[in-house]
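# Overview (structure and organization)
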Amino acid sequence: MTRVAVVGAGVMGCAAAWALAKRGADVTVHEQFELDNTRGSSHGRSRIFRVAYPDPAWVRLAQEARDGWHELERESGEELLGLYGLVEIVSDPALTSAAALDACGIAYSLLDGSETRSLGANLPEGWTALFSADAGIVHADRARHAFLDTARVRVETGSRVESVDDLDADVVVVTAGAWVGRLVGDVPVRVTRESVAYFRREGSPMPSVVEVDPATGGHALYALHDPVHGLKAGAHHAGAEADPDTQAEADPAIVERIAAWVRERFPGADPEPVETDSCLYTSTSDESFVCERRGRVVVGSACSGHGFKFAPAVGRQLAALALAE
Ligand SMILES: Cc1cc2nc3c(=O)[nH]c(=O)nc-3n(C[C@H](O)[C@H](O)[C@H](O)COP(=O)(O)OP(=O)(O)OC[C@H]3O[C@@H](n4cnc5c(N)ncnc54)[C@H](O)[C@@H]3O)c2cc1C
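Residues numbered from 1 in each chain as written. Predicted model: local features only at pLDDT ≥ 70, side-chain atom pairs only at ≥ 80, totals over all residues. Heavy atoms only, no water.

Its location among the elements puts H306 in the loop between β17 (297–301) and α8 (311–323). Side-chain polar atoms of H306 contact the backbone oxygen of E287, separated by 2.8 Å. Non-local contacts of H306, meaning those with residues more than four positions away in its chain, are made with Y53, W58, E287 and F289. (Helix = DSSP H or I, 4+ residues; strand = E, 2+ residues; numbered from the N terminus. Polar contact = N/O pair within 3.5 Å; in protein donor to acceptor, adjacent residues only side chain to side chain. Contact = heavy atoms within 4.5 Å.)

Structure representation (structure tokens):
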């Protein structure tokens, strides 16, 4: 039986432990803080789940992940996905995920202003909205626990690993989020502290919304259902570089920008934030993930601000790398 140490119990470490346990490995997870710590990237109640991406490779990975989430739902008896749909809002129709969804044979529809409003969002004049049903949210907190509860592996909290050489294991999987560089050196990532805000919104859950930045083609602002307040919103890649060992609140200027967008875009939400939070992004230059084996160490850095939805698929990739002959 291969003895595997997993460093970090964010969603990627939990997913790797789940996939490793399924393949018969003897797994110990080391987490420097508590399981529900708010210091890394995986805390909070919800994350956007979507298969709509402008690149077919990401669409296929999201489909694989969706199947994994459903598998985990069956195993844990927990509802982990809330499939309320996704609306992409873009200034130029070429910026939607339509071509990639067509290439993968996935249905979607284009909405006019009144159809978009009926889903809770204002569409600026002349802009395009694409609706994808295969989307919504992942219940983030439930998901992390479901992976570990199902895997039934050893979890050591308050256990900060100073060096992978200290671990008595055949293979070490490093899913240390923003701390990855401290343990494995040269990983081409940048750590930033991002801000989110929560808004009061009554009624049935809204679809997730992503608004594409016409300048970069990447996401600018996003919103999703929050099970407590109704709406969570954030600005993608808006935060400054950060040291993961320091703690900080949400950036007030970014929160103001988010609130201004909520006021303009979501008529059913109270635009006064009721709660704010900060969270770390660990990003590569092209928003891809680092999943690779280096000797007895497997590096799993899968964030770039959009990794959560892919966790079951990433966990499987890391397990395959760890248990490869
Ligand atoms: C504001 C925000 C919004 C996001 N929105 C979305 C979204 O809508 N959809 C989506 O798909 N993704 C989203 N993401 C991205 C997603 O949350 C991340 O990709 C994911 O959480 C990364 O998880 P991780 O396990 O790699 O890192 P982390 O969650 O940071 O976990 C790493 C863990 O390793 C531990 N650790 C580090 N070093 C050590 C050590 N030496 N010893 C022991 N333990 C250690 C840390 O304490 C930490 O708990 C968002 C991220 C943020 C910050």
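Let us keep going from here.
Take the packing of helix α1 (residues 11–22) against α8 next. Their axes nearest at 7 Å, the elements α1 and α8 cross at an angle of 60°. In terms of orientation, α1 lies oblique with respect to α8. Of the two elements, α1 crosses α8, and the hand of that crossing is right-handed. Residue-level contacts link V11, M12, A15, A16, W18, A19 and L20 of α1 to A311, P312, V314, G315, R316, L318, A319, A322 and L323 of α8. (Axes fitted to C-alpha atoms, helices over the stretch in contact; angles between N-to-C directions. Parallel < 35°, antiparallel > 145°, perpendicular 65-115°, else oblique. Left-handed = near helix turned anticlockwise from the far one by under 90°.)

Now for the sheet that holds strand β2 (residues 26–31). Read across the open sheet, the six strands follow the order β9-β2-β1-β10-β17-β16; overall the sheet is mixed. Two strands lie at the open edges of the sheet, namely β9 (154–157) and β16 (290–294), each paired on one side alone. The mean inter-strand angle of the sheet, taken between neighbouring strand axes irrespective of direction, is 15°. Relative to strand β10 (residues 171–174), strand β1 (residues 3–7) runs parallel, the two being bridged by four bridges. Paired with V4 across the bridge in β10 is V171. Sitting on the sheet, α1 touches β1, β2 and β10, and the angle it makes with β2 is about 170°. Contacts between α8 and the sheet are confined to β1, β10, β16 and β17, with β16 contributing the most and set at about 10° to the helix. (Pairing = 2+ DSSP bridges.)

Close to the ligand lie 36 residues; E31, S42, I48, C279 and K309 are nearest. In this structure, an oxygen atom belonging to the ligand sits 3.0 Å away from a main-chain N or O atom of M12. Every element with two or more residues in the shell around the ligand is listed here: α1, β2, β3 (46–50) and β15 (275–283). It is β15 that provides the largest number of residues to the shell around the ligand, a total of three residues. Residues of the shell around the ligand, tallied by class, amount to 18 nonpolar, 14 polar and four charged. (Near = heavy atom within 4 Å. Nonpolar A, V, L, I, M, F, W, Y, C, P; charged D, E, K, R; others polar.)

Here we take up the pattern of salt bridges. Here the idea is simple: oppositely charged side chains can pair when their charged atoms come close. Enumeration according to the criterion identifies 20 salt bridges in this entry. R66 serves as the salt-bridge partner of D134, at 2.3 Å between the closest nitrogen and oxygen. Residue D134 is found in the loop between β7 (128–132) and β8 (135–139), and its partner R66 is found in helix α2 (residues 56–76); the two are separated by 68 residues along the sequence. For R160, the salt bridge goes to E162, with nearest N and O atoms at 3.6 Å. Looking at E162, the relative accessible area reads 56%, which means it is exposed. Taken together, the salt bridges that share partners define one network made up of R160, E162, R182, D243 and D245. (Salt bridge = Lys/Arg side-chain N within 4 Å of Asp/Glu carboxyl O. Buried < 20%, exposed > 50% of the residue type's maximum accessible area, 1.4 Å probe, protein only.)

Below, the discussion takes up the environment of L148. Structurally, the position occupied by L148 is in helix α5 (residues 140–151). For L148, a relative accessible area of 10% gives the class buried.

The subject of this paragraph is the sheet that holds strand β11 (residues 190–200). Pairing in this open sheet of eight strands is mixed, and the strands run β6-β7-β5-β12-β13-β14-β11-β15 from one edge to the other. Looking along the sheet, the strands with just one partner apiece sit at the ends: β6 (109–111) and β15. For this sheet, the mean inter-axis angle between neighbouring strands, taken without regard to orientation, is 25°. Sheet topology note: the β6/β7 ladder contains three bridges and is antiparallel. Pairing of S109 across the sheet is with F131, part of β7. Relative to the sheet, helix α7 (residues 252–265) contacts β5 (86–90), β11, β12 (208–212), β13 (219–226), β14 (230–235) and β15, its axis offset from that of β11 by approximately 45°.

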